[in-house]
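As a plain string of letters, each chain reads:
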Amino acid sequence: MTEAQIAAIRAIVKTGRVLTEEYDRFSYAFDASFGTYLPDVVIQTKDVAELAELVKLANREKIPVYPRGQATSLSGGPLPVHGGMVIDLSVMDDLLEIDEEDLVAIVSPGVLTAAIHKAAEEKGLMYPPDPSSSHVSTIGGNLAENSGGPRGLKYGVTKDYVIGLEVITPQGEIIRTGGRTVKNVTGYDLTKLIVGSEGTLGIITKAILRLIPKPPASETVMAIFDDLVDAGRAISRILTSGILPSKMELMDQASMVAVENYQPSGLPKDAEALILIELDGHPMAVRDEAEQVSRVCREIGAREVRVPQTAKEKEDMWKARKLVSPAIVRVKPTKISEDATVPRSKIPEMCRRLQAIKEKYGIHLVVFGHVGDGNLHPNIIADKSDREEMQRVEKAVAEIFEAAVELGGTLSGEHGIGLMKAPFMEMELGAAGLDMMKRIKQAWDPHNIMNPGKIFPEPGQKLVLSE
Amino acid sequence: MNEQLEQLRAELNYDKTNKCVQCGYCLPACPTYLTMGKETHSPRGRINLVKMAGEGKIKDLSVLEEPLDLCLGCRACETVCPTGVEYGAILESARASITRRKAYSVPQKALRSLLFKKVFPSRKAMKLLGDAMWVYEKTGVQKLARKSGLMKKLPAHLGEFEAIVPPAVSPRERASLPRVTKAKGQRKYTVAFFVGCVMDAMFRKINQLSVQLLAEVGCDVIVIENQICCGALHAHAGEMDESKQLAKRNIEAFAAVDADFIVNNAGGCGAMLVEYDHLLADDAQWAERARAFAAKTRDISQVLALCGGIAGKEGPTERVTYQRSCHMTNVQKVTAEPVQLLAGLPNVELVEMAEANMCCGSAGIYNLVQYDASMEILDLKMQHVIDTGAVTIVTTNPGCLLQMKLGIEREHLGERVRAVHLVEYLAQRAGILDGNPSAQPKA
Ligand SMILES: Cc1cc2nc3c(=O)[nH]c(=O)nc-3n(C[C@H](O)[C@H](O)[C@H](O)COP(=O)(O)OP(=O)(O)OC[C@H]3O[C@@H](n4cnc5c(N)ncnc54)[C@H](O)[C@@H]3O)c2cc1C
Ligand code: SF4
Ligand code: SF4
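Keep in mind that what you see is a predicted model, and the values were worked out from it rather than measured.

Calculation criteria
- Residues numbered from 1 in each chain as written.
- Chains lettered and ligands numbered in written order.
- Predicted model: local features only at pLDDT ≥ 70, side-chain atom pairs only at ≥ 80, totals over all residues.
- Heavy atoms only, no water.
- UniProt positions renumbered as here; feature names shortened; annotations may be inferred.
- Helix = DSSP H or I, 4+ residues; strand = E, 2+ residues; numbered from the N terminus.
- Contact = heavy atoms within 4.5 Å.
- Buried area = accessible area lost by both parts, 1.4 Å probe.
- Salt bridge = Lys/Arg side-chain N within 4 Å of Asp/Glu carboxyl O.
- Polar contact = N/O pair within 3.5 Å; in protein donor to acceptor, adjacent residues only side chain to side chain.
- Nonpolar A, V, L, I, M, F, W, Y, C, P; charged D, E, K, R; others polar.
- Near = heavy atom within 4 Å.
- Pairing = 2+ DSSP bridges.
- Axes fitted to C-alpha atoms, helices over the stretch in contact; angles between N-to-C directions.
- Domains from an automatic or database assignment.
- Buried < 20%, exposed > 50% of the residue type's maximum accessible area, 1.4 Å probe, protein only.
- Areas by Shrake-Rupley, 256 points an atom, 1.4 Å probe, with all protein chains shown as cover.

Right, let's get into the UniProt feature "domain: FAD-binding PCMH-type" (unreviewed entry) in chain A. Under the UniProt annotation, the feature "domain: FAD-binding PCMH-type" (unreviewed entry) is placed at residues 35-214 of chain A. Along residues 35-214 of chain A one finds 22% helix and 24% strand; the C-alpha atoms at either end are 40 Å apart.

As structure tokens, this is what we get:
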């Protein structure tokens, strides 16, 4: 970017900050995935009108614009791959209003997801989407990535709770989509189009979210299996028995071993799989459902079923699940967290394929995840500084995506496409499908200034994990 | 990779930065990220900058200086990090690298050398400082200075700090810490007491009370003469060689007594002492001795609690809040005992403040050298204090104690709220100390 362009930016941003120091630019050059890309300038402002002016300038001068929340993206979403401006939206965190009568929350994009959870719960309500990163990620980032979480099984994902948005278009206009009503069929559903568009169609500056009453009680069941396939069968049986758990998580043997070696939590190291189920609703109903779930698991051949009796025991069980991520990086420093998702019936098959990929490439692969909705998290543990190993990992990742798509699944259940999975888009969507998406992008953003380099592969682009 | 870069990587602890998966879980825990609002001042941002230097992407190390200078070193980020990144070690080695390469101006160099090599390591110099403060106070120079408005003109806001410095102790009183104090009743443990340099110069009274309390709960207390500054200020300023020297001298000195524990009463010093094993890990001659020293180190609250706590007298009912010292919480991991001791006192209503684990902004000499940044953090903290409605703020570190006093002054709460060290508070509630331990000389 030129001096004059920076000066023009400074002239627009009157209430915020324009950062150009080397240390600041490097501080906005990464996210929770891979690679370092230096922006030319980082802008922080809470003023929507100023932001709109900035986008107008960018559109005129063809400067790339990269919206950014808290950069917890695992797919390279906010990386400024072509330089230009990074807009730090995490500073827009002032608005968080809960309207009990309309059952909605009105928020600015920088509000942390956990803050919305808390505000809703204080009024006896619930905002269901709960990515594991909720205490750091912004709602703007969640909307752009259409984030999910363990509760997705029963309650769906972010898009199921957004009813209205305020957006700055790539031309710098401020538009409103949807509204405050749950039902709204006026014209194209732009709200849903923008949710999950990963910052390529505009900057979200306000959102209206739907809330639901908070379930009064919950119960947890842990079932341990000697055979992974049995665990898969138990999952299907539970889901077809008329019970809809709020969460259903799987840990494979490698995850259990890692947790036990890291912080002993009473998990069996010799079992092949463990499923952790949460039921929520009326206190009597959930107790009854917990019994039914336990029975199903035993019938299918669970070697042990545990139902926590105290709040502390319950907390400990979920804590063990949360420990998987930190536990596995003790093995090796680099963690490639995938979120390939398959239809529920294909979970056992996917597990088998993952096992084969692990052996074929001699990599350290751990499987856990939100198994109730088929959203597995195969995690590869490697060492970024080992070039040869990373090349094997790159091949293995590609094969994981292929397996998921072949089984009728998808590249991404919740982390988005970003930079990392762009090369595989055509494999899932087909040429015509991808072209349709490109035409939408073209219509919205003819100068391709909004988060360029994401979702759509550039000619010859390959997955690169080694620097 | 060229040799120079390789060497820099080793110096910077580059390998440790690689453990950071950039998840951002540490962002909400970092006080400077909360007050300054940019990634540059977050743990993840700082680690990334060091990493970039290690990869040769940032060529000029001075780029790292400001972001690292603004770090409090409170290490709250370490406590919340799911993957166990050793932020403290990264920070220390990066600072040392910068210091080594830095061309200080001549007067700066002289001042640094005077402070780090002559003043802090010398008990005599610290004693002199303490004496000077006493003379200054008693001769009325202080009153005069305050009246004249001179204090406001001092550089680096020293004037504001002057107002909160505790009443000095007379030289005669100061000399009176006995070498051995016998346990009351049956002896449970023998402890060696670490007096600390700043603690001893400015808070001698607290040291005296500490010895008394330890004896009260059944400890023989030994105070050896040739102990020295713990070296924390040196380490934080990147003067690693100096701090290693000090560590060795302390290890040597304390090896001369056969004690069950080495006890300190200053969170920051304690954090340094328990990490002597890290500091000297690469020194074959000292590593084992350092480990033994670190293993014996305890905060005074741990020993008091271990011996059954202090039996308080039925005093007036009072609402108290406890400002945790970062170094106690995040490095020594001592969190339960102080609360246990306070909760064990009759008629004390302990109210936890919001964000209790957040640093108060004192952080060694941070509040002197980064005054504005420090005050922003303090103002946040004081709001949480006020919300508790407490009349007494209990701390466990001299830096936090001074900072809380400064906070009270800033909020004009002097009439209603006071700040005391845990030891002072326990002594007062036990009837060992009369009156208000932290009464300020009236201006
Ligand atoms: C440890 C860990 C656990 C995670 N767990 C989950 C999980 O359970 N479920 C899940 O779905 N994800 C998870 N994630 C991924 C990540 O947290 C989510 O994608 C999250 O939504 C990103 O939010 P953010 O604020 O960090 O956004 P960023 O990472 O900063 O940005 C993400 C994308 O959103 C765009 N963007 C950000 N703000 C705006 C805005 N206001 N307008 C337009 N575009 C915008 C960016 O350009 C980028 O493309 C996890 C990540 C980590 C590190
Ligand atoms: S929490 Fe730990 S791993 Fe995550 S960004 Fe902070 S230092 Fe890195
Ligand atoms: S030590 Fe404290 S101030 Fe420094 S990065 Fe960590 S949390 Fe922030």
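Still to come is the rest of the account.
Now for the interface of chain B and chain A. At the interface, 30 residues of chain B touch 31 residues of chain A. Together, the buried faces of chain B and chain A total about 2400 Å²; carbon and sulfur atoms form 52% of this surface. There are 2 salt bridges connecting chain B and chain A. Across the contact surface, chain B and chain A share 13 residue pairs in polar contact (both at pLDDT 80 or more). Of all the secondary-structure elements, those providing two or more residues to the side of chain B that touches chain A are α3 (31-36), α4 (43-54) and α5 (65-69) of chain B. For the side of chain B that touches chain A, the leading source of residues is α4(B), giving 6 residues. Its residues assigned to classes, the side of chain B that touches chain A shows 13 nonpolar, 9 polar and 8 charged.

This part covers the site of ligand 3. Residues and elements named next belong to chain B. Neighbouring ligand 3 are 13 residues; Cys 30, Cys 71, Cys 74, Arg 75 and Cys 77 lie closest to it. Among the secondary structure elements, those contributing two or more residues to the shell around ligand 3 are α3, α4 and α6 (76-80). Class assignment of the residues belonging to the shell around ligand 3 gives a composition of 9 nonpolar, 2 polar and 2 charged.

This brings us to the sheet that holds strand β1 (residues 17-19) of chain A. Residues and elements named next belong to chain A. Read from one edge to the other, the open sheet built from 4 strands follows the order β1-β2-β4-β3, with strand pairing classed as mixed. Of all strands in the sheet, those bounded by a partner on one side alone are β1 and β3 (65-68). Each strand of the sheet is rotated relative to its neighbour by a mean of 20°, with strand direction disregarded. Where strand β2 (residues 41-44) and strand β4 (residues 85-88) come together, 3 bridges link them in parallel fashion. Looking across to β4, one finds that Val 42 is bridged to Val 86. Packed on one face of the sheet, helix α3 (residues 48-61) meets β2, β3 and β4 and runs near 165° to β4.

The next point concerns the environment of Met425(A). Residue and element names in this part refer to chain A. Checked against the element boundaries, Met 425 lands in helix α15 (residues 425-444). Each C-alpha atom, one on Met 425 and one on Leu 411, is 8.0 Å from the other, the two residues being 14 residues apart in sequence. Beyond its immediate sequence surroundings of up to four residues, Met 425 is in contact with Leu 411, Ile 417, Gly 430, Leu 434, Met 437 and Ile 455.

In this section: the domain arrangement of chain A. Residue and element names in this part refer to chain A. When cut into domains, chain A gives domain 1 (3-88), domain 2 (98-213) and domain 3 (215-323). Taken together, the contacts link 14 residues of domain 1 with 16 residues of domain 2. Buried surface at the junction of domain 1 and domain 2, summed over both partners, amounts to about 1200 Å²; 67% is from carbon and sulfur atoms. Ranking the residues of domain 1 by area buried against domain 2 places Val 48, Val 55 and Gln 70 at the top, with a combined share of 34%. If you look at where domain 1 meets domain 2, you find 0 salt bridges. Inspection of the region where domain 1 meets domain 2 yields 2 residue pairs in polar contact (both at pLDDT 80 or more). Taken together, the elements giving at least two residues each to the side of domain 1 that touches domain 2 come down to α3 and β3. The greatest single-element share of the side of domain 1 that touches domain 2, amounting to 6 residues, is contributed by α3. Classifying every residue of the side of domain 1 that touches domain 2 gives 6 nonpolar, 7 polar and 1 charged.

This next bit is on the sheet that holds strand β7 (residues 348-350) of chain B. Sheet strands associate in pairs through backbone hydrogen bonding, adopting either a parallel or an antiparallel arrangement. Residues and elements named next belong to chain B. One open sheet accounts for 4 strands, arranged β7-β6-β8-β9; its pairing is parallel. For this open sheet the edge positions go to β7 and β9 (418-421), each flanked by a neighbour on one side alone. Taken over all neighbouring pairs, the strand axes of this sheet differ in orientation by 35° on average, direction set aside. When strand β8 (residues 392-395) meets β9, the two strands line up parallel, connected through 4 bridges. Counted as the bridge partner of Thr 392 is Arg 418 from β9. In the packing of helix α27 (residues 422-429) onto the sheet, contacts are made with β6 (318-322), β7, β8 and β9, and the angle to β9 comes to roughly 95°.

Okay, the environment of Lys438(A) next. All names here are of chain A. Position of Lys 438 among the secondary structure elements: in helix α15. A relative accessible area of 38% places Lys 438 in the partly exposed class. For the pair Lys 438 and Ile 455, spaced 17 residues apart in the sequence, the C-alpha separation amounts to 9.5 Å.

Residue and element names in this part refer to chain B. Assigned domains within chain B: domain 1 (3-101), domain 2 (106-162), domain 3 (171-305) and domain 4 (310-430). Placing a centre on the C-alpha atoms of domain 1 and another on those of domain 4 gives a separation of 29 Å. If you look at the interface, domain 1 gives 14 residues, while domain 4 gives 15 residues. Each partner contributes to the roughly 1200 Å² buried at the junction of domain 1 and domain 4, and carbon and sulfur atoms together form 63% of this total. The largest per-residue losses of area from domain 1 upon contact with domain 4 belong to Thr 35, Leu 72 and Cys 74, which jointly make up 41% of the total buried on that side. Our count for the domain 1 to domain 4 interface comes out at 0 salt bridges.

This next bit is on the site of ligand 1. Close to ligand 1 lie 35 residues, the nearest being Pro67(A), Gly69(A), Thr72(A), Ser133(A) and Asn142(A). Flanking ligand 1 are residues from chains A and B. Between ligand 1 and Ala71(A) there is a distance of 2.8 Å, counted from an oxygen atom to a backbone nitrogen or oxygen. In this structure, an oxygen atom belonging to ligand 1 sits 2.6 Å away from a side-chain N or O atom of Ser133(A). Alone, ligand 1 offers 980 Å² of accessible surface; in the complex the protein occludes 96% of this. Put simply, the parts of the chain that give the shell around ligand 1 at least two residues each are β3, α5 (139-145) and β10 (203-210) of chain A. Of all the elements, α5(A) adds the most residues to the shell around ligand 1, at 5 residues. When residues of the shell around ligand 1 are assigned to domains, at least three map to each of domain 1 (3-88) and domain 2 (98-213) of chain A.

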